[in-house]
Amino acid sequence: MASDGFTTCLWFDGRAEEAAQHYISIFKNSRLGGITHYTGVEPGGPAGSVLTVEFEVNGQKFVGLNGGPEFTFSEAISFQVHCADQDEVDYYWSRLSEGGEEGPCGWVKDKFGVSWQVVPTALLGMIADSDPQKAKRATEAMMKVGKLDIAALQAAYDGA
């Protein structure tokens, strides 16, 4: 049996198409895919309304499902956005928090309730450093803020 990976399904309450359009407007190398509609046979929505929306964000496949209000998002699932520099951190933080909620340690909840971690790739190396004091300082600096500041994290890591 052949497999082409997996698709992440995100359950929305009537806003799947809006969410897909929002995400593809934020991330480069993204595209909208197929859209299916309720036929009137399945429960959940009126015939003709959007049932699912396929979209791809930076190579990751998603399907947005308009499943109704029964389930909502929580921080138990999040998506990490790895950022090469501070400009990327600022861009993704701003775009993803728009209409949503800023959180601690680089976390943000978007206007649909989906949680994201906006993470500078430099931080990943800092907190994994074999020197436990450097890793601890970088982690402590991360824990004190919302949006991550690479220069501040680097200064803490360096012991400045």
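See above for the structure.
Basis of the calculations
- Residues numbered from 1 in each chain as written.
- Predicted model: local features only at pLDDT ≥ 70, side-chain atom pairs only at ≥ 80, totals over all residues.
- Heavy atoms only, no water.
- Helix = DSSP H or I, 4+ residues; strand = E, 2+ residues; numbered from the N terminus.
- Buried < 20%, exposed > 50% of the residue type's maximum accessible area, 1.4 Å probe, protein only.
- Contact = heavy atoms within 4.5 Å.
- Areas by Shrake-Rupley, 256 points an atom, 1.4 Å probe, with all protein chains shown as cover.
- Lys, Arg positive; Asp, Glu negative; His and termini not counted.
- Charge placed at Lys NZ, Arg CZ, Asp CG, Glu CD.
- Phe/Tyr/Trp six-rings, centres within 6.5 Å; stacked < 30°, edge-to-face > 60°.
- Core = buried A, V, L, I, M, F, W, Y, C linked by side-chain atoms within 4.5 Å.
- Disulfide = S-S within 2.5 Å.
- Pairing = 2+ DSSP bridges.
- Arc of directions from axis to C-beta.

K.L.:
Please provide a residue-by-residue account of the overall build of the chain, values included.
P.N.:
Scanning the chain from N- to C-terminus turns up five helices and eight strands. Along its sequence from the N terminus, the chain presents helices and strands in the succession β-α-β-β-β-β-α-β-β-β-α-α-α. Dimensions of the chain along its principal axes, counting C-alpha atoms only, are 65 × 40 × 25 Å. Out of the 160 residues in the chain, the part that is buried amounts to 36%. Pairs at least 24 apart in sequence give 58% of the contacts found in the chain among residues at least 6 apart. Accessible surface, the chain as shown: approximately 9,000 Å² in total, 55% of it carbon and sulfur. The averaged location of the 22 negative side-chain charges in the chain is 5 Å from the averaged location of its 12 positive side-chain charges.

K.L.:
Please provide a residue-by-residue account of the packing of aromatic side chains, values included.
P.N.:
Following the criterion strictly, the structure yields 12 aromatic pairs and no others. For the ring pair phenylalanine 12 and phenylalanine 73, a centre distance of 5.4 Å and an interplane angle of 65° mean the geometry is edge-to-face. Of this pair, phenylalanine 12 sits in strand E1 (residues 7-12) while phenylalanine 73 sits in the loop between strand E4 (60-66) and strand E5 (78-83), and the two are 61 residues apart along the sequence. Its relative accessible area of 25% is what places phenylalanine 73 among the partly exposed residues. An aromatic cluster is defined as three or more aromatic residues linked by ring pairs; in this entry it consists of Phe12, Tyr23, Phe27, Phe55, Phe62, Phe73, Phe79, Tyr91, Tyr92, Phe112 and Trp116.

K.L.:
Please provide a residue-by-residue account of the environment of leucine 10, values included.
P.N.:
Note that leucine 10 resides in strand E1. Relative accessible area serves as the criterion here: at 7%, leucine 10 is assigned to the buried category. In sequence terms leucine 10 and glutamate 54 are 44 residues apart; their C-alpha atoms lie 10 Å from each other. Ignoring sequence-local partners within four residues, the contact set of leucine 10 consists of Phe55, Phe62, Val63, Gly64, Leu65, Phe73 and Phe79.

K.L.:
An account of the nonpolar core is requested, with residue identities and associated values reported.
P.N.:
Within the largest apolar cluster, 26 residues are counted, with the highest numbers of intra-cluster contacts made by Tyr23, Phe27, Tyr92, Leu96, Trp116 and Val118. Secondary structure elements with two or more residues in this core: E1, helix H1 (16-26), strand E3 (50-57), E5, helix H2 (86-97) and strand E8 (115-120). Looking at this core element by element, the count peaks at five residues for H1. The next biggest cluster of nonpolar side chains, apart from the first, holds 11 residues, and it includes Leu123, Met142, Leu148 and Leu153.

K.L.:
Please provide a residue-by-residue account of the state of the cysteines, values included.
P.N.:
Applying the stated criterion across every chain yields a total of zero disulfides. Left unpaired, cysteine 83 is separated from the closest cysteine sulfur, that of cysteine 105, by 15 Å. With a relative accessible area of 0%, cysteine 83 lands in the buried category.

K.L.:
Requested: an account of the pairing of E4, with residues and values cited.
P.N.:
Within E4, five of the seven residues are buried, leaving the element largely enclosed by the surrounding structure. Taken together, the six bridges between E1 and E4 define a ladder with parallel strand orientation. Note that in E4 the partner of threonine 8 across the bridge is phenylalanine 62. In this sheet, E4 lies alongside E3 in antiparallel orientation, the contact comprising six bridges. Paired with threonine 52 across the strands is leucine 65, a residue of E4. Here E3 folds back onto E4, and the loop between the two strands holds two residues, one of which, asparagine 58, carries a positive phi near 50°.

K.L.:
So what's going on with H1? Which residues, and what values?
P.N.:
Listed in full, the buried residues belonging to H1 are Ala16, Ala19, Ala20, His22, Tyr23 and Ile26. Down the axis of H1, the buried set is contained in an arc of 160°. They therefore lie on one face.

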